[in-house]
Amino acid sequence: MPLVKPLATDENEEVAELAKFFNETLGFCPNSVLTMQRRPAIAKAFINLNMAVMANDGSVTAEQKRLIGYITSAHTGCRYCEAHTILAAERYGGTDERLDNIWTFRESTLYTEAEKAAFEFALAASSIPNAVDDIISANLHEYWDEGEIVEILGVISLFGYLNRWNDSMGTTMETGAVDAGERLLEKNTTWTRGKHV
């Protein structure tokens, strides 16, 4: 049972209008947003931040951003966000092969050196204590410009917020996210929906 129950999708007209963004990325409005709308200013600020972070202003693709979000969420243990990010990565072009092999990225030829640098950065930046060091930083700068690094860290930080929100809230996982977790994650990881029932 969630700490706070989500409200209906039509509870707040402004939030509902902004939340249409998630129909493209996930196919549904996340219960996390429906819970945030108990304080509409938080929900609106979050959706606007999400849209800004996920905008493609450089060469970091929509699929890459969702894979970075997935790595961040899996590393911190947020089952809710793992299912959402793997679903979104698939919706933005992630192939079964890329999604299935994300945890072997270091050795895999499915990912570019630039992606590998971003994924290493995601793991280091989402660690506690933070593990970003000079080597990771230099490797990141070899492949990405400063604007793109801001985009990458924006994704990692956005999911840092969401991981804490959803795990603390025990946010109820939507059917579409459960289906994605079972279809895309259970065969290669120890993913379960956990507390998100």
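Further up the page is the structure itself.
Residues numbered from 1 in each chain as written. Predicted model: local features only at pLDDT ≥ 70, side-chain atom pairs only at ≥ 80, totals over all residues. Heavy atoms only, no water.

Side note on the overall build of the protein chain
- The helix and strand tally for the protein chain stands at 11 helices and zero strands.
- Reading the protein chain from its N terminus to its C terminus gives the helix and strand order α-α-α-α-α-α-α-α-α-α-α.
- Taking 197 residues into account, the globule formula puts the C-alpha radius of gyration at 16 Å, and the protein chain, at 16 Å, falls close to it.
- A buried classification covers 50% of the 197 residues belonging to the protein chain.
- Pairs at least 24 residues apart make up 72% of the contacts formed inside the protein chain by residues separated by at least 6 positions.
- Of the accessible surface of the protein chain, which amounts to about 9200 Å², a share of 54% is contributed by carbon and sulfur atoms. (Helix = DSSP H or I, 4+ residues; strand = E, 2+ residues; numbered from the N terminus. Rg over C-alpha atoms; globule rule 2.2 N^0.38 Å. Buried < 20%, exposed > 50% of the residue type's maximum accessible area, 1.4 Å probe, protein only. Contact = heavy atoms within 4.5 Å. Areas by Shrake-Rupley, 256 points an atom, 1.4 Å probe, with all protein chains shown as cover.)

Thoughts on the pattern of salt bridges
- As enumerated under the stated definition, the model contains 10 salt bridges in all.
- Ionic pairing is found between Lys20 and Glu17, a salt bridge with its closest N-O pair at 3.0 Å.
- A relative accessible area of 48% means that Lys20 is categorised as partly exposed.
- What you see here is one network of salt bridges that share partners, running through Glu63, Arg98 and Glu115. (Salt bridge = Lys/Arg side-chain N within 4 Å of Asp/Glu carboxyl O.)

Quick look at empty space enclosed by the protein
- Here the structure, examined in full by the defined rule, presents one cavity of 30 Å³ or more.
- Considering the residues around the largest cavity, the lining is formed by 19 residues, among which Phe22, Leu26, Asn50, His84 and Phe159 are closest to the centre.
- Only helix H2 (21-25), helix H4 (40-54), helix H6 (79-91) and helix H10 (146-169) provide two or more residues apiece to the lining of the largest cavity.
- Sorting elements by how many residues they give to the lining of the largest cavity places H6 first, with five residues.
- Looking at the lining of the largest cavity residue by residue, the class counts come to 12 nonpolar, six polar and one charged. (1 Å grid on protein atoms, 1.4 Å probe; cavity = no way out; pocket = protein on both sides within 12 Å on 5 of 7 lines; lining within 4 Å. Points joined across faces, edges and corners; volume = space filled by probe spheres on them. Nonpolar A, V, L, I, M, F, W, Y, C, P; charged D, E, K, R; others polar.)

Re the packing of aromatic side chains
- Taken as a whole, this structure holds six aromatic pairs when the rule is applied.
- For the pair Phe46 and Tyr161, a centre-to-centre distance of 5.9 Å together with 25° between the ring planes defines the contact as stacked. One end of the pair, Phe46, is in helix H4; the other, Tyr161, is in helix H10, with 115 residues separating them in the sequence.
- Ring centres of Tyr70 and Trp103 lie 5.9 Å apart, and the angle between their planes is 55°; on these two criteria the pair is classed as tilted. With Tyr70 in helix H5 (residues 62-76) and Trp103 in the loop between helix H7 (96-100) and helix H8 (113-125), this residue pair connects regions lying 33 residues apart in the sequence.
- The exposure class of Trp103 is partly exposed, given its relative accessible area of 36%.
- Site record: aromatic cluster; members linked through ring pairs are Phe46, Tyr161 and Trp165.
- The residue whose ring lies beneath Arg66 is Tyr92, and the NZ or CZ to ring-centre distance is 4.3 Å. (Phe/Tyr/Trp six-rings, centres within 6.5 Å; stacked < 30°, edge-to-face > 60°. Lys NZ or Arg CZ within 6 Å of the ring centre and 35° of its normal.)

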